[in-house]
Structure formats: C-alpha cells, structure tokens
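Residue-level structural notes
Here is what each chain is made of, one letter per residue.
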Amino acid sequence: MKSYLDLVPISAKVHRKQNRMSVFCIVLAVFLVTVIFGMADMFIRSQIMQARMEDGNWHVSFREISEEEASLISARPEVEASSWYGVLNYRGEQGYTLAGKNLILCGSEESWITKMQTNMITEGTFPQKDNEALISENAKTAMGLKVGDIVSVDTPDGKFQVAVSGFLKNVSKTMEEDFYGIFLTTDGFRSIYQKIEKNNSTYFNSVYFVQFSTHCNIKDTISDIKVQLGLSEKQVSENTKLLGLLGQSGNSFMLQIYGSAFVLFLLVLMAGVMMIASSLNSNVAQRTEFFGMMRCIGATPKQVMKFVGKEAFGWCKFAIPAGIGAGVLVIWVLCAMLRYLSPEYFIGMPAFAISFPSIISGICVGALTVFFAARSPAKRASRVSPLAAVSGTKDELFHGKKAASTALFKIDTGLGIHHAKSSKRSFVLMVGSFSLSIILFLSFSVTVDFMHHALKPLKPWTPDLSIVSPDNSCSIRGDLLMELEKNPAVKRAYGRMFAYNVPIKLNGVEKNVDLISYEKNQFNWAKDYLLEGSLEKAQQEAFTGLSVFELQGNPKIGDTLTVTVDNQSEDIDIVGTLSSSPFQNAPDVNTIICSENTFRQITGKTDYTIIDLQLRKKATQKDVDKIHALVGSGYIFSDERLGNQSVLGSYYSFGMFIYGFMTLIALITIFNIVNSIAMSVSARMKQYGAFRAIGLSNQQLKKMIVAEASTYAIVGGFWGSVLGLISNKFLYEKMITSYWGEQWSIPFVELSIIIGILIVSVMIAVKGPSKRIREMSIVDTISAQ
C-alpha cells in the first residue's frame with residue numbers, strides 16, 4: 001500500500017452493505033435525470049415530427065416580394081430549399097369545383113412537396129408540365145382515378161383540364177370540409193389566378209417559403225434578409241412552433257418556456273445533490289470509528305477528505321452506467337408506447353432511440369451531484385478525532401447543545417425530536433431533501449395546466465365521421481341514422497337537429513336562441529357539465545330544456561321561454577343549466593338544448609341537421625368508403641380522423657412526458673424518505689441498543705423513530721409547501737398567465753397529493769427500521785456497524 005487512497009477498494013468491500021444505499025441513491029439520481037432529459041428529448045423529437053407533418057418543414061415565409069427578391073433569398077448559402085406556394089378556394093367561396101365537390105386549388109414548386117412536406121405523394125410524381133396536377137387521395141377514391149387520367153375543373157371563368165400525374169395524401173382540412181385537393185406547378189397556378197397590384201408593384205398570389213440549414217443561426221439569417229431587402233414585419237412570418245422546438249426562435253413565449261425548463265433543471269440538480277448528500281452523511285456517520293482509526297495511524301484531515309471523495313467517485317463507476325442503462329430502457333419503453341398509441345405521427349420514431357443529451361446529462365449530473373454532495377460528509381469525516389476510534393463513541397457526530405425536552409412530550413417522543421435536531425447540518429439536509437421533493441412536484445405540476453391550455457384533449461362526443469346538411473337545415477333523413485347504427489364498423493351513431501335564431505320571449509324581453517336536440521348519448525355526456533338542475537327532466541319530459549351558461553342574459557332554472565316557430569308558439573320550461581356545450585353561438589344568441597321529442601313538437605321537423613359517427617378501433621378505410629357510398633353525395637361527408645389523430649399525438653406525447661415525470665417525482669419522494677430514515681436509524685443503531693439496555697421497550701423505540709421522521713416531515717413539508725407555492729406561482733405566470741391571461745390560484749389538489757405522498761412515505765419509512773431493531777438482540781444492536 002503506497003498511500004491511504006489504496007484503502008478505498010478495501011473499504012468498499014468491507015463496507016459493501018453500508019455503501020449499498022449510497023450507491024443506489026446515485027443510481028437513482030442518474031436514472032431520474034437520464035429519464036427526464038430523455039423524455040424531454042423524445043417529446044421534442046415527437047413534436048418536431050408532428051410539426052413537420054402538420055405545418056410543413058419550412059422555417060420562414062415571405063409575402064409580397066418580387067421574383068428578383070426571391071432569387072436573392074434562394075441564392076443564400078444558408079437556404080436548403082425554397083418554393084412559391086399559392087392557394088385558391090380555401091373556404092369554398094370562389095366557386096372552384098371538381099365533379100361537383102368544392103376544390104382547394106394549390107400551386108407550388110416541386111421542393112414544396114418533396115422537401116418541405118412529409119411523405120405527401122402516395123403515387124406518381126410531381127407535375128412536370130403546367131397542364132399536369134397532383135390530386136388528393138379522397139378524389140381518387142370517389143372518382144376512381146388513376147395516373148394519366150384527364151380531369152376537368154370548373155372555375156368561375158369556365159373549365160380547364162389537367163392530366164393526373166400522381167396522388168397526394170389526404171390532409172385534415174380537405175377531409176373535414178369534404179373538399180378535394182389539387183396541386184399544380186407554380187406557372188400552371190399563375191395562369192389561372194391574376195396578379196395583385198399593390199403600391200405600384202405587381203405580385204403573384206403566392207407566398208415564398210424557405211427552409212434553412214439547421215446548422216446556421218436562423219434568427220440572425222432572417223433578420224439579415226429583412227434588412228437586405230427592406231422587408232417589413234408584416235411581410236415575414238416565422239414557423240414559430242418548429243423554430244421553437246429547434247431552439248431557433250426568438251419568440252418571447254418560447255423563451256419563457258426555455259426559462260421555465262432551466263428552473264426545473266436546477267431543481268432536479270438540487271434534489272439529486274440533497275438526496276446523495278443525505279445518504280453520504282448517514283454513511284459517514286455509521287463509520288465514525290473507521291475514520292478515527294485512519295486518524296490513529298497518521299492520516300491527516302485532508303487525506304481523510306480525499307479518501308471520502310475518491311470513495312464516492314468510485315461508486316460512480318457502477319452507479320452512473322447503471323442509472324443511464326435503466327434510464328435508456330425506460331426511454332425505449334416510452335418510445336414504443338408512443339408508436340403504439342399514435343402510429344400515424346410516431347411511426348418514424350426509432351424503436352430503440354438513443355438520446356445523447358440525456359446520457360450526457362446523466363453523466364454530468366451524476367458526477368456533479370456526487371462532487372457537491374461529498375464535500376460536506378468529507379469535511380465531517382476529516383474532523384473525526386482518534387479518540388472516537390479508541391472509545392467507540394460517535395458523540396462528536398451527534399453532539400447536541402441541550403438535553404431532549406420532555407415538557408410537552410413523553411421521553412420517547414422527545415428523544416426522537418431531539419435526535420432529528422441534534423445535528424444542524426444533518427437536519428438541514430434531511431429537511432431540504434424532503435422540501436425539494438415537494439418543491440419539484442408543485443413546480444412541475446404547472447406543466448399539467450400548460451398542457452390543458454396548449455392542447456385540447458378529445459371530448460367523449462368527438463366524432464370520427466360527420467354527415468352534415470349542406471344548408472344546415474333538418475334535411476338528413478332519420479332512417480339513414482338507423483342504417484348507420486346497424487353498420488358493424490360503427491361503434492356509436494347519434495344525430496342532432498338544429499333550429500337557428502329562433503325568436504323567444506323571456507320575462508317580456510324578446511331575443512333569439514339556437515334550439516338543439518340531444519339524444520341519450522349526448523345527455524349522458526352532458527352530466528359532467530351540469531351546473532344545476534336535472535338532465536332527466538329535460539330528457540324525459542316534453543317542453544323542457546337546458547340552458548348553456550353565458551356571462552349575461554342566460555335563462556335560469558324555473559324560467560319559461562315562449563318559443564315561436566312558423567307563427568306557432570310553445571312554452572319551454574328551463575330545468576337545468578350546463579357550464580358549456582360543443583357549439584359556437586352568435587353573440588347575444590343563447591343555446592337551448594332539449595330532447596328530440598320536444599324539438600319535433602315545437603318545430604315540426606323530424607329529420608337531422610347532423611349525424612355523428614364514432615367508429616370501432618378495427619374500422620378500416622374500406623369501411624369508411626362503404627359508409628361514404630351509403631351516405632351519397634347529397635350531404636357533406638366530414639372525415640375528422642386525421643384531426644383527431646393530430647390531437648391525440650400531441651396529447652399522448654405531452655401527457656406521457658408530464659405524468660411520467662410527476663410519477664417519477666412521487667416515487668423518488670417515497671424512496672428518498674424511506675432511505676433517509678433507514679440511514680439515520682442505522683447511524684444511531686448503537687444508541688438504540690443502549691436505550692434498550694437501560695429499559696426502553698421496542699414500542700418506545702418505534703415512537704422515537706416515528707417522532708424523528710415526523711419532525712423531518714413536518715418541517716420539510718412546511719418549507720416545501722411555502723417555497724413550492726412560490727415556485728408554482730412564478731412558473732404559472734411565466735407559462736400560462738403571460739400567454740392565456742388566466743390568473744394563478746393555490747393548487748390545492750396537487751398540494752394535497754404531494755403532502756399525502758409525504759405522509760404515506762413516513763408511515764412506510766418507520767416500519768423497516770422498527771422491525772430491524774425489534775428482531776436484533778441488545779448485544780447485536782450495540783455492536784451494529
């Protein structure tokens with residue numbers, strides 16, 4: 001042995017059991033950080049994939065610029081792809097149709113489809129001539145088209161014909177509005193649409209989209225282009241979502257999100273330091289005699305400090321790879337779950353993705369936490385006197401300035417509280433460790449509110465398909481609903497009848513309402529939104545209805561409305577109020593919901609305005625095509641599946657990240673408390689043996705442990721709650737109030753959950769040490785190491 005440091009591997013073998021919990025703490029801290037950053041990395045990857053699929057893989061667009069200016073932009077070395085893009089008849093008001101269906105007419109260059117969109121062409125190629133076009137898949141299915149066919153487009157100025165060069169993947173807009181889509185070359189598109197004259201300049205009805213290299217500073221490049229060409233802010237639009245995900249956005253909201261993420265990162269780092277420091281502190285306390293023996297054979301305090309530090313870093317050789325390995329496995333499971341839950345958006349995500357940022361973060365945080373955590377225990381070990389080794393006492397480590405107080409508590413409870421407070425440094429570490437778990441949970445709970453504001457989850461009434469009356473009248477025959485209900489691919493079919501702007505008289509005041517019918521499914525879904533009153537009365541009794549809450553002027557329970565339809569008046573009694581409904585009404589027009597029976601008796605209408613369908617999970621596109629054929633072309637056939645999948649994709653990826661992390665925090669809280677109490681008891685095992693020797697019962701010793709754990713929990717719970725609420729408020733205002741305007745309120749639910757976890761953890765924590773002391777003999781307890 002050449003130096004004291006050569007004792008490290010020997011000590012590691014001898015004290016393998018004592019070191020096990022410290023090593024596990026490091027593994028857990030590295031695992032936590034690896035999973036957090038891995039989940040964040042996977043979430044960002046999934047959102048980038050989704051943003052590129054939904055909005056396109058472009059970074060900035062320029063409008064009202066000339067061909068010469070576009071050429072200057074495309075010639076820049078930072079530009080990877082660029083294209084003109086124009087669109088006509090987006091809302092169907094300009095009169096462009098194909099086979100009687102409204103047609104969205106687009107014009108672009110090939111790079112728009114092949115480089116700035118994701119897998120858009122399902123068959124064929126981009127048009128090479130001005131009289132060729134790409135057609136959407138829904139037109140191909142409905143019209144039985146194939147590549148090379150000639151189609152005729154009806155326009156306000158007559159007809160023009162194009163040859164089909166290929167087919168495009170359906171998008172949510174065309175499917176929901178029951179439109180067809182057609183893509184022409186830029187020149188072919190401009191031959192149809194006239195140029196725009198503005199400010200003595202001539203422009204085409206096209207926007208110039210640009211994709212930059214992600215290795216350049218996109219924000220500075222955009223600013224440089226604006227200065228070079230003298231463009232105004234209105235002429236330049238960024239793809240904020242994609243740039244924000246790439247970390248290239250100057251958007252203030254994205255910067256606030258980054259700032260919030262940095263705060264959470266610091267909290268995670270502090271939690272790791274506290275957890276490992278608490279474990280190391282208890283580990284050192286258990287080995288007082290060992291460090292005293294080192295001092296006896298000549299080791300200096302500095303050498304003891306180096307010994308503790310090297311020993312701690314020696315644990316990292318196993319702990320860091322183990323933590324990273326476990327974290328990577330969890331990330332793989334999450335990726336697999338995303339691919340399973342929403343294959344439409346995450347099929348491109350690697351099944352065995354390697355997140356290098358998470359691995360690097362795990363290594364760095366593991367090393368940093370051990371470095372910072374080992375400093376305090378190392379100093380404590382260096383101060384152990386040789387006398388501690390000779391006498392076998394640990395009084396130096398557990399010195400108290402005054403005796404335990406028994407004025408308010410019994411001796412066992414008083415001793416437990418005294419033990420908790422006897423070492424100020426250990427007390428601060430334990431309380432800090434408990435507090436940080438609460439602070440981290442309350443801080444990260446803000447992201448749940450952020451998710452609910454940023455993403456609207458699918459409601460239970462959300463349909464997959466909708467059959468809509470073209471003129472919003474009650475013109476969809478009732479027997480069609482009965483036929484659709486029998487279809488094996490249909491899980492649920494339900495219709496609604498609408499009567500818009502129906503005149504009513506309420507308390508002598510005349511106004512208008514939208515009268516809407518519900519059936520049993522929709523009444524059942526409305527239960528969660530009932531503020532007061534009875535749904536059963538509205539569903540079963542004739543001439544009754546529900547009002548939907550408005551800030552001003554909504555009918556209340558007990559009011560009677562006099563409804564006039566076709567010069568016939570009927571009274572409707574309001575028997576309930578809903579907090580909200582799925583419908584948008586015009587200003588100063590209330591919504592009244594009634595049963596189908598009531599609606600028919602008042603209006604005399606028997607058919608539906610809209611029929612919604614929810615499909616079974618195994619329903620295929622062929623099943624949808626059969627339903628479409630059954631419905632015919634007389635109604636708008638709205639396919640909302642793509643839009644629903646988009647919502648689900650975002651919600652699943654965000655939800656898995658947020659709830660997964662909050663679950664990890666809860667588990668870490670439980671483990672940290674259980675481990676901390678176990679280590680604290682182990683460090684005092686000789687004292688407990690002495691107490692048993694002088695007559696304390698096992699029940700009294702258990703009360704001592706409970707009192708000690710409760711002291712940490714109460715003080716840590718108090719400070720954690722106070723500081724956690726401050727952090728929660730700060731992050732809420734940064735992430736939600738500044739963007740959506742909603743004011744912060746105390747999160748009682750989240751606070752109750754984490755306090756409940758704290759209490760349960762303490763209850764679990766005292767069982768193991770109590771059982772261990774009870775099963776050991778007094779001699780074994782006194783000699784325990």
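Refer to the structure printed above.
So, here is what we can say about the structure in this document. (Residues numbered from 1 in each chain as written. Predicted model: local features only at pLDDT ≥ 70, side-chain atom pairs only at ≥ 80, totals over all residues. Heavy atoms only, no water.)

1. Some remarks on the overall build of the chain
When helices and strands are tallied, the chain shows 28 helices and 24 strands. Buried residues in the chain amount to 51% of all 785 residues. Partitioning the contacts of the chain with sequence separation of at least 6, the portion at a separation of at least 24 is 79%. Of the roughly 36,700 Å² of accessible surface on the chain, a fraction of 57% belongs to carbon and sulfur atoms. (Helix = DSSP H or I, 4+ residues; strand = E, 2+ residues; numbered from the N terminus. Buried < 20%, exposed > 50% of the residue type's maximum accessible area, 1.4 Å probe, protein only. Contact = heavy atoms within 4.5 Å. Areas by Shrake-Rupley, 256 points an atom, 1.4 Å probe, with all protein chains shown as cover.)

2. Topic: the nonpolar core
With 58 residues, the main nonpolar core has Phe434, Phe444, Ile658, Phe661, Ile673, Ile677 and Tyr712 as its most contacted residues. At the level of secondary structure, the elements contributing two or more residues to this core comprise helix 2 (16-55), helix 12 (301-341), helix 16 (411-422), helix 17 (424-444), helix 18 (446-454), helix 24 (641-683), helix 26 (698-740) and helix 27 (748-775). Residue contributions to this core peak at 13 residues, all from helix 24. Setting aside anything within four residues of it in sequence, one finds isoleucine 677 in contact with Met430, Phe434, Ile705, Ala709, Tyr712, Ala765 and Pro769. (Core = buried A, V, L, I, M, F, W, Y, C linked by side-chain atoms within 4.5 Å.)

3. Considerations on a nonpolar patch on the surface
Together, Phe718, Trp719, Val722, Leu723 and Ile726 give the surface a local cluster of nonpolar side chains, amounting to about 480 Å² of exposed area. Its place among the elements puts tryptophan 719 in helix 26. Relative accessible area serves as the criterion here: at 44%, tryptophan 719 is assigned to the partly exposed category. (Patch = residues over 30% accessible without salt bridge, like charges linked within 9 Å, V, L, I, M, F, W, Y side chains within 5 Å. Salt bridge = Lys/Arg side-chain N within 4 Å of Asp/Glu carboxyl O.)

4. Remarks on the sheet that holds strand 15 (residues 490-496)
The antiparallel open sheet is built from four strands, whose spatial order is 15-23-14-24. Across the chains shown, the open sheet's two edge strands, defined by having one partner strand only, are strand 15 and strand 24 (636-639). With strand direction ignored, the average angle separating the axes of adjacent strands in the sheet is 15°. The pairing of strand 14 (residues 465-468) with strand 24 spans four bridges and is antiparallel. Looking at strand 24, one finds that leucine 465 is bridged to aspartate 639. This element, helix 19 (residues 478-485), spans strand 14, strand 15 and strand 23 (610-615) of the sheet and lies at about 165° to strand 15. Strands in contact with helix 23 (residues 621-631) are strand 14, strand 15, strand 23 and strand 24; relative to strand 24, the strand with the most contacts, it is inclined by about 160°. (Pairing = 2+ DSSP bridges. Axes fitted to C-alpha atoms, helices over the stretch in contact; angles between N-to-C directions.)

5. Topic: the environment of asparagine 239
Relative to the assigned elements, asparagine 239 resides in the loop between strand 13 (236-238) and helix 9 (240-245). Residue classification places asparagine 239 among the buried residues on the basis of a relative accessible area of 5%. With 181 residues separating them along the chain, asparagine 239 and tryptophan 58 place their C-alpha atoms 6.8 Å apart.

6. Some thoughts on the pattern of salt bridges
Scanning the entire structure with this criterion turns up 16 salt bridges. Between lysine 146 and aspartate 149 there is a salt bridge, with the nearest N and O atoms lying 3.5 Å from each other. With relative accessibility at 53%, the residue lysine 146 sits in the exposed group. Judged by its relative accessible area of 18%, aspartate 149 is buried. Bridged by salt links that share partners, the residues Arg76, Glu78 and Asp224 form one connected network.

7. So, unusual backbone geometry
Phi angles above zero are rare outside glycine, and aspartate 178 is one such case at about 60°. If you trace the backbone, aspartate 178 turns up in the loop between helix 6 (172-177) and strand 9 (180-185). Here aspartate 178 falls in the buried class, since its relative accessible area comes to 8%. Positive phi, normally seen in glycine, also occurs at phenylalanine 543, with a value near 60°. Structurally, the position occupied by phenylalanine 543 is in the loop between helix 21 (535-540) and strand 19 (544-548). Relative accessible area serves as the criterion here: at 22%, phenylalanine 543 is assigned to the partly exposed category.

8. What about the side chain of glutamate 596?
Take glutamate 596: it is sitting in helix 22 (residues 596-603). Under the relative-accessibility criterion, glutamate 596 is labelled buried at 16%. Ignoring any residue separated from it by four or fewer positions in sequence, one finds glutamate 596 in contact with Gly495, Met497, Ser517, Tyr518, Glu519 and Tyr608.

9. Focus: the packing of aromatic side chains
For the structure shown, the criterion picks out 13 aromatic pairs. Centre to centre, the rings of tyrosine 85 and phenylalanine 183 are 6.1 Å apart; their planes meet at 35°, and the pair counts as tilted. Linking tyrosine 85 in strand 2 (residues 79-88) with phenylalanine 183 in strand 9, this pair joins segments that are 98 residues apart in sequence. Ring geometry for phenylalanine 498 and phenylalanine 583: centres 5.6 Å apart, planes at 90°, overall edge-to-face. Of this pair, phenylalanine 498 sits in strand 16 (residues 498-506) while phenylalanine 583 sits in the loop between strand 21 (568-578) and strand 22 (589-595), placing them 85 residues apart in sequence. (Phe/Tyr/Trp six-rings, centres within 6.5 Å; stacked < 30°, edge-to-face > 60°.)

Honestly, that's just the spatial picture; any functional story needs more than this.
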